[in-house]
Amino acid sequence: MSTELLVGGRIYTPASTTATAIAVENGVISWIGEDRAARALHPDAQVTDLDGAFVAPAFVDTHVHLSATGLALTGLDLSGPRDAVVATLQGTLGDAVLARGWDDTTWEAPLLRTDLPADRVIYAARIDEHSAQASTALRALVPDLAGLAGYSPDGPLTAAAHHAVRAAAIAALSDSQITAAQTAALEAAARSGIAAVHENSGPDIAGERDFALLAGIEHPVHVRRYWGEPARDADHAREILARTGADGLAGDLFVDGSLGSHTALLHEPYADADTRGVSYLDDETVANHIAACTEAGIQAGFHAIGDAAMSRIVAGLVAAAERFGGPRVASCTHRIEHAEMVTAEQARLLGDLGVNASMQPLFDAFWGGPDGMYALRLGTDRAAALNDFALLARNAVPLALSSDSPVTPLDPWATVRAATQHHTPGSSISPRAAFAAATRGAWRAGGVRDGVAGTLVPGAPATFAVWDADELVVRAPSDAVQRWSTDPRAGVAPLPDLSPGARLPRCLRTVIDGRTVFAA
């Protein structure tokens, strides 16, 4: 029986605001306290000097796409102006290329089919992953493409047409290319202080081959796999789960698309386009899926960004509560990905039914504000109400923070900071609440409700990250009073300074169940 004793650090634990040492024994935290007592109580331990580093629970990212993330990490960068994107695509090498990241919000012209080399299979996804441009060679692999919703002969493809060319592009990849991409993404997660990720897959995202290959990868970063396929009834839900080996029928089960691609489903038209978006699932399908999963005791969930999509899901949840009772619905910990447009009444209902909101604060950081993409698509008034973390927190909606990687990067401290720095006053949450949503709340969103996961307390799994961080502070929760304190007598465990411009922590070591999986 061996014990590692880490001393000389700053430990983020609810047990103490002055802890500097932590003991790990057989993959479990056995003791937390101060250095002098630590050395006296563990005379035979292997001692690691933290040299002032900050130790905190490792993060959980509740919404990722691992193959796409790995391909983005190792592939082409399509960010930047239109001319640069076209030049990058024109210079591509290889028979099949999957690239992503272009953002046409400020472009004067769209990305066209003729901008891509015609003779190679090239799939170039928009940054939100809900539209893409496809080369002539790729389009030819989908014989009925012109008859699908969202088809454009030269412009970007959306809806069913987009899903079809994405499937054809993925089919052109070998098994080894897919597993290499998935492994690269998991390694990137470990380097970022992330101990677990939730893969959000489905028939219209990466397909069953990709999903099955992920199940075969042995990696210390925990992976919870969600499969987005609607169930007709309880038996059908069980059959899907058995067929795919999924952990839940949630994740990116699309009710709608995205605001950037004009495919999020809205009650009122977009401000810059004559459309209300795209509907992938009707009221009956949504309600049946929730009822089927509730009856079978399976975690259900959906992708929803537009207000009309959210209304459809809430109606289905209310119907399930009327049929099975609120406690039974809540026991399934159903979840909604994104949940960007939520009313006060909907927030109250989601809180009452224990529905998790898996949200991406960097969406607001990237696209919020009066001059951002949201305001362009919706107008400033509607845009200002998006991603209201405070509204959901006030209504006891369980929050989990994530990246939707590769849409936004695997950067958990930037994610936490974005939740505390919302463009709209009153929509932020405190650093402590945001950090909890990215750790303890994220474990709970994946069904881990043992009371200790995502915390550093004796008896908890030794799953933590060690960070090079500057001064630790405590911030008052009020947006109106930006008070900071470094005094331990505040009685609240301090966190790194997340104010704008402050240096974010750098990961030095990631430990999962007592095993070091990354060391800088």
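For clarity, every value in this text was computed on a predicted model and none was experimentally measured.

Cut-offs used in this document
Residues numbered from 1 in each chain as written. Predicted model: local features only at pLDDT ≥ 70, side-chain atom pairs only at ≥ 80, totals over all residues. Heavy atoms only, no water. Pairing = 2+ DSSP bridges. Helix = DSSP H or I, 4+ residues; strand = E, 2+ residues; numbered from the N terminus. Phe/Tyr/Trp six-rings, centres within 6.5 Å; stacked < 30°, edge-to-face > 60°. Axes fitted to C-alpha atoms, helices over the stretch in contact; angles between N-to-C directions. Parallel < 35°, antiparallel > 145°, perpendicular 65-115°, else oblique. Contact = heavy atoms within 4.5 Å. Nonpolar A, V, L, I, M, F, W, Y, C, P; charged D, E, K, R; others polar.

**Q** An account of the sheet that holds strand β2 (residues 10-11) is requested, with residue identities and associated values reported.
**A** Read from one edge to the other, the open sheet built from five strands follows the order β2-β6-β18-β22-β23, with strand pairing classed as mixed. Bordering the open sheet on either side are β2 and β23 (515-519), each of which pairs with just one other strand. In terms of strand pairing, strand β6 (residues 54-57) meets strand β18 (residues 464-468) through four bridges, oriented antiparallel. If you follow Val55 over to β18, its bridge partner there is Val466.

**Q** If you had to explain the sheet that holds strand β11 (residues 157-158) to someone new, which residues and values would you point to?
**A** Backbone hydrogen bonds are what pair the strands of a sheet, in a parallel or an antiparallel way. Judged by pairing direction, the sheet is mixed, and its four strands sit side by side in the order β8-β9-β10-β11 without closing on themselves. Only two strands of the sheet have a single partner each, and these edge strands are β8 (96-102) and β11. Bridge analysis of strand β9 (residues 121-126) against strand β10 (residues 131-134) gives three bridges, and the strand direction is antiparallel. Within β10, the position partnered with Ala125 by the bridge is Ala132.

**Q** An account of the packing of aromatic side chains is needed here, citing residue identities and associated values.
**A** According to the stated counting rule, one finds 14 aromatic pairs in the structure shown. Here the aromatic rings of Tyr12 and Phe435 are separated by 5.1 Å at their centres, their planes lie at 75°, and the arrangement is edge-to-face. Pair noted here: Tyr12 is in the loop between β2 and β3 (21-25) and Phe435 is in helix α18 (residues 431-437), with a separation of 423 residues, a long-range link. Each residue in the set Tyr12, Phe54, Phe59, Trp413, Phe435 and Trp467 is aromatic and connected to the rest through ring pairs, giving one cluster.

**Q** How would you sum up the packing of helix α8 (residues 234-244) against helix α9 (residues 283-296)? Please name residues and give values.
**A** Closest axis-to-axis distance for the α8/α9 pair is 8 Å, and the angle between their directions is 75°. Compared by their axis directions, α8 and α9 come out roughly perpendicular. Seen from α8, the contacting residues are Ala234, Ala237 and Arg238; seen from α9, they are Ala292, Glu295 and Ala296. Looking at side-chain class alone, the contact of α8 with α9 contains four nonpolar, no polar and two charged residues.

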